[in-house]
Amino acid sequence: MQLEDYLRNILKRPLYRIHPATLEFLEVSQISFIQDLGPKGLEGLILKKSGGNTFPVCYWCGSNSVCYRWSKRWLVVKDSFVLYMRPEDGQVGTVILYDKGFHIKIGTGEAGVRHGVTIENLCRALTIKCSTYRQARWWGHSIDEFSQMFGQDFLKENRYGSFTPVREKTTSKWFVNAAGYFDAIADALEGAKEEIFITAWWLSPEIFLKRPVVNGNMWRLDHVLKRKAQQGVKIFVLLYKEVEVVMGLNSEYTKKTLMGLHSNIRVIRHPDHMPSTVLLWAHHEKSVVIDQSLAFLGGIDLAYGRWDDSQHRLTDVGSVRRSPQHSPARSPSLTHQPVGTVEEDGEMKFSVVVEDFQNGSVEDPGENCGSFTLPIVEEQGETNLSLTLPTGRLLRTPSEEKSRHSSDGTESKYYSSRNSPNSRRLLARECYTKSLSLHSSDSYSLGLHHSLPLPYETSSLRSYIGSTELCGETRFWHGKDYCNFILKDWVKLNKPFDDFIDRYKTPRMPWHDTGILVHGKAARDIARHFIQRWNFTKLVKKRSGATCYPCLMPKSISAPLVPAEYEGKSTQANIQVLRSVCQWSIGSKVHEESIHLAYISAIQNSKHFIYIENQFFISCADKTIHNSIGDALTERILRAYREKKKFRVYVVMPLLPGFEGDISSGGGQAIKAIMYFNYRTMCRGEHSIIERLKCVMADSWIKYISFCGLRTHADLDGRLVTELIYVHSKLMIVDDCTVITGSANINDRSMLGKRDSEMAVVVEDTEFQPSVMDGKSYQAGRFALSLREECFRLVLGLLGDNSIDISDPISDRFYKEIWMVTAAKNASVYDKVFRCLPTDAVLNYRILRDYMSRPCMAAEDPAQACAELKKIQGFLVQFPLYFLSEENLFPSFNSKEGIMPIELWT
């Protein structure tokens, strides 16, 4: 009893309670009882042997086994990992995650050290030395028993060879295009409490997550991250470190920008190309994880050009349009003339510019001009205008000004004017300050632009050919975000708000993509992958003298999860996280290609249809191509033909690869290289899908598989223009029950695991609803069906139009009369009006030159062209399978593209 009282009194005193000797006696540490890290396993002081990586770390002998030392560390065993830390300050040294290669070796024979224990996984080995063999057995058996009890999810061989099992009843939500995806990410980031993980092939700090921009810079990515970092949230970002002479992503600028925001933001770029041989491969995954509980995954980087919605606009010049008259000289007094508002249909419209108070000049309205619209409300015989602006922004008008500050830090300004028509009161409930791309500088202010005789006039810019453009609103894409990367690749990314292409001459290239949100254990798995990558990269960068960042620890699968709250529909389904990784990307001794295996399995087990959207379509194995997705599709179609069963395959892909180049003049070697392998998969050569099908069923192949692209058109400054919609999705839907989506393209780079690193999920529905398949009643999964119908309605121009039934994806009526007819009709109209490329009318370069030399209808007869374009329905067009079919598209060996390794393109 005396001893018990003595120990209790010791633990009551902070000095003794946190003393290292006390902690060692009680076998506890700073992280022993953190609930999110799971149950407490064995802990204690050990002697750790240096080294243990899967790559040499000794500069002198290039080995880990010859040069080593012993260090005293505190070893901690948890339910999904083992770690050690420095006992004096608690700094975590290494986290060894449980995986299918995790095992324990005990004794001199196995561990190579007298009284030693080796803890090993697929990425590294940790050898500890004990004082006796008995103590070594105690440590080894305790770790093994604890891992077997709690870590079976990661120790066993999971389906497709994935590092994680199937997670049942997982809440998930799909997104088509980045508008909703970015919006949901913005809300999730704002709700982060502890940590944020971001992986990206490319990241642009200055992009706006919510658009149009009605709250100043509040939802600009760098501002969101800085705000959360200031609140104490730890933010970790993994960026792909590009080969700068080949790619202009400027990840160094991104890193410096983010690191300069706050000390709680940590950024690592990988791989370092000089000491390694990994020159061809990239970290291609794109993910955002919030508090290890909510994860976003897909093909959408947080970068320029990605934001788009279902309208896929080609133009974005705000509400300001050029007129032919000459610009008069401006003077500061012009901004004080009380004219320039346009009143119609119960609204008052104002045009706005950015005014620089430091030098008194007004910037070019073509760069920073737009308008906002305010509702008119009659009240008491005077006109008032109320705007809410971020603190530090000033609105100048010649009218009377009244101000008051609200509790949220914004400043409300009331402007009264008694000289307006009918003496009515204006009350602005929303402030449409959408027009400005302010450079986060308080030297700018918002001012009403009152001068009528300037060379810019307020215009609705509603396209007269049916494509809805901005009406009385601002730009959606600011600066570098407005892009057409086939025409011109990005330059000067350190000047984010400077346009690099002329908005009045060049249409932007719309971006079609998909993403997914998952909650719960699946989100924990995505976070676990990030942690594995982060800790491995930190170890690699330590060799090159990089700053030492903290090791990250995965939260326990058994830890309580905050209930998910979503706007809009979400679904519960079985979800498994998949990836493509190997030693260079994550440090693993064995590569994982679970995405590839999941694709093959889903295709082989399909019963009715397969819908694919992908940026690339490079498959059908031979000596140079190794992924067998195309072969699986061919075999599945042949099986349906032999069994005389109806089966459809829909493939939607970009009409041209996304590389800078002018195909109209026969240039663009990188474009032609990808076209060569795409066509080789689809229809050219003995290994192609169509040629193999023709050998068995002649021209009947068209009943089974369809290849399409997306295209749209608009009016740009009085000219008719067209552009392809860049399909960047990595999506496959099977039988309205299974979905695979993520960052992986259909090519060897993404699928083989030994090349680019990728992430994806396979979603298998568990909630079903009545549907139709081949005219018969069918139970379709809620997640897969709703996503497939959204994709179909978008590309067919049926959003909001339920008059056409798309519920049966394999019926002859839908496949032949709606899908195929729409694609063929649209392609025919575009060829007739614009003579656009690619087209089946051009078989070789001689025809190409003649084809491009003749003017198109859009230029010669705009009125007739408009009449023709009214026949367009949606965005879907047939893929031109015969384009340049008489030419060898593979780059010549005297070009830089021709001497590149073939693996670069495949």
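The shown structure was predicted, so the numbers you read here are calculated from the model rather than taken from an experiment.

With that out of the way, let us pick up the overall build of the protein chain. Scanning the protein chain for helices and strands turns up 22 helices and 39 strands. The buried share of the protein chain, taken over its 906 residues, is 59%. For the protein chain, contacts bridging at least 24 residues in sequence account for 74% of all contacts bridging at least 6. Working note: accessible area of the protein chain is about 37,400 Å², and carbon and sulfur atoms make up 51% of it.

Moving on to the packing of aromatic side chains. Within the structure shown, the criterion is met by 37 aromatic pairs. Centroid distance Trp307 to Trp477: 5.6 Å. Interplanar angle 70°. Geometry classified as edge-to-face. Of this pair, Trp307 sits in the loop between strand S13 (294-298) and strand S14 (320-322) while Trp477 sits in the loop between strand S24 (456-458) and strand S25 (511-512), and the two are 170 residues apart along the sequence. Residue Trp477 is classed as buried on the basis of its relative accessible area, which comes to 0%. A ring pair is formed by Phe677 and Phe890, whose centres lie 5.9 Å apart and whose planes are at 85°; its orientation type is edge-to-face. Taken together, the residues span a long stretch of sequence, with Phe677 in helix H15 (residues 669-682) and Phe890 in the segment after strand S39 (876-878) at a distance of 213 residues.

Attention now goes to the environment of Lys495. Among the structural elements, Lys495 can be located in the loop between S24 and S25. For Lys495 and Glu206, which are 289 residues apart along the polypeptide, the C-alpha to C-alpha distance reads 9.9 Å.

Once that is clear, we can look at a nonpolar patch on the surface. A contiguous nonpolar surface patch, about 620 Å² in accessible area, is contributed by Leu3, Tyr6, Leu7, Leu11, Phe25 and Leu26. Those elements that place two or more of their residues in the nonpolar patch are helix H1 (2-12) and helix H3 (20-26). The dominant element in the nonpolar patch, judged by the number of residues it contributes, is H1, at four residues. Assignment of secondary structure puts Leu11 in helix H1.

Another aspect to go through is the environment of Leu297. For Leu297, the position within the fold is in strand S13. In contact with Leu297, not counting residues within four places along its chain, are Tyr181, Lys286, Ser287, Gly515, Ile516, Ile526, Met759, Ala760 and Val761.

This part is about the nonpolar core. Counting 130 residues, the largest nonpolar core has Leu189, Phe296 and Leu302 as the members making the most contacts within it. No other element matches helix H7 (residues 178-190), which puts nine residues into this core. Not counting the four nearest positions on each side in its chain, Leu302 is found in contact with Phe182, Ile185, Ile198, Trp202, Leu203, Ser204, Ile207, Leu209, Leu221 and Val288. Counting 61 residues, the second-largest nonpolar core is a separate cluster that includes Val577, Tyr778, Ala784 and Leu794.

Quick look at the packing of helix H18 (residues 782-796) against helix H19 (residues 812-834) now. Contact geometry for H18 and H19: axes closest at 10 Å, N-to-C directions at 50°. One way to sum up the angle between H18 and H19 is to call them oblique. Here Phe792, Val795 and Leu796 of H18 lie close against H19, whose contacting residues are Phe814, Ile818, Trp819 and Thr822. Along the lines of polarity and charge, the residues of the contact of H18 with H19 split into six nonpolar, one polar and no charged.

It is worth spelling out the confidence of the model for the protein chain at this point. Mean pLDDT over the protein chain stands at 81; residues scoring 70 or higher make up 78%. Within the model, the stretch residues 55-64 combines pLDDT values under 50 with 22 contacts to residues more than four positions away or in other chains. Counted against residues more than four places away or in other chains, residues 319-473, with its pLDDT under 50, gives 333 contacts.

On the secondary structure map, Leu261 appears in the loop between helix H9 (251-259) and strand S11 (265-270). With 39 residues separating them in the primary sequence, Leu261 and Asp222 have C-alpha atoms 7.7 Å apart. In contact with Leu261, not counting residues within four places along its chain, are Asp222 and Lys226.

What counts, and at which threshold
- Residues numbered from 1 in each chain as written.
- Predicted model: local features only at pLDDT ≥ 70, side-chain atom pairs only at ≥ 80, totals over all residues.
- Heavy atoms only, no water.
- Helix = DSSP H or I, 4+ residues; strand = E, 2+ residues; numbered from the N terminus.
- Buried < 20%, exposed > 50% of the residue type's maximum accessible area, 1.4 Å probe, protein only.
- Contact = heavy atoms within 4.5 Å.
- Areas by Shrake-Rupley, 256 points an atom, 1.4 Å probe, with all protein chains shown as cover.
- Phe/Tyr/Trp six-rings, centres within 6.5 Å; stacked < 30°, edge-to-face > 60°.
- Patch = residues over 30% accessible without salt bridge, like charges linked within 9 Å, V, L, I, M, F, W, Y side chains within 5 Å.
- Salt bridge = Lys/Arg side-chain N within 4 Å of Asp/Glu carboxyl O.
- Core = buried A, V, L, I, M, F, W, Y, C linked by side-chain atoms within 4.5 Å.
- Axes fitted to C-alpha atoms, helices over the stretch in contact; angles between N-to-C directions.
- Parallel < 35°, antiparallel > 145°, perpendicular 65-115°, else oblique.
- Nonpolar A, V, L, I, M, F, W, Y, C, P; charged D, E, K, R; others polar.
- pLDDT = per-residue confidence, 0-100.

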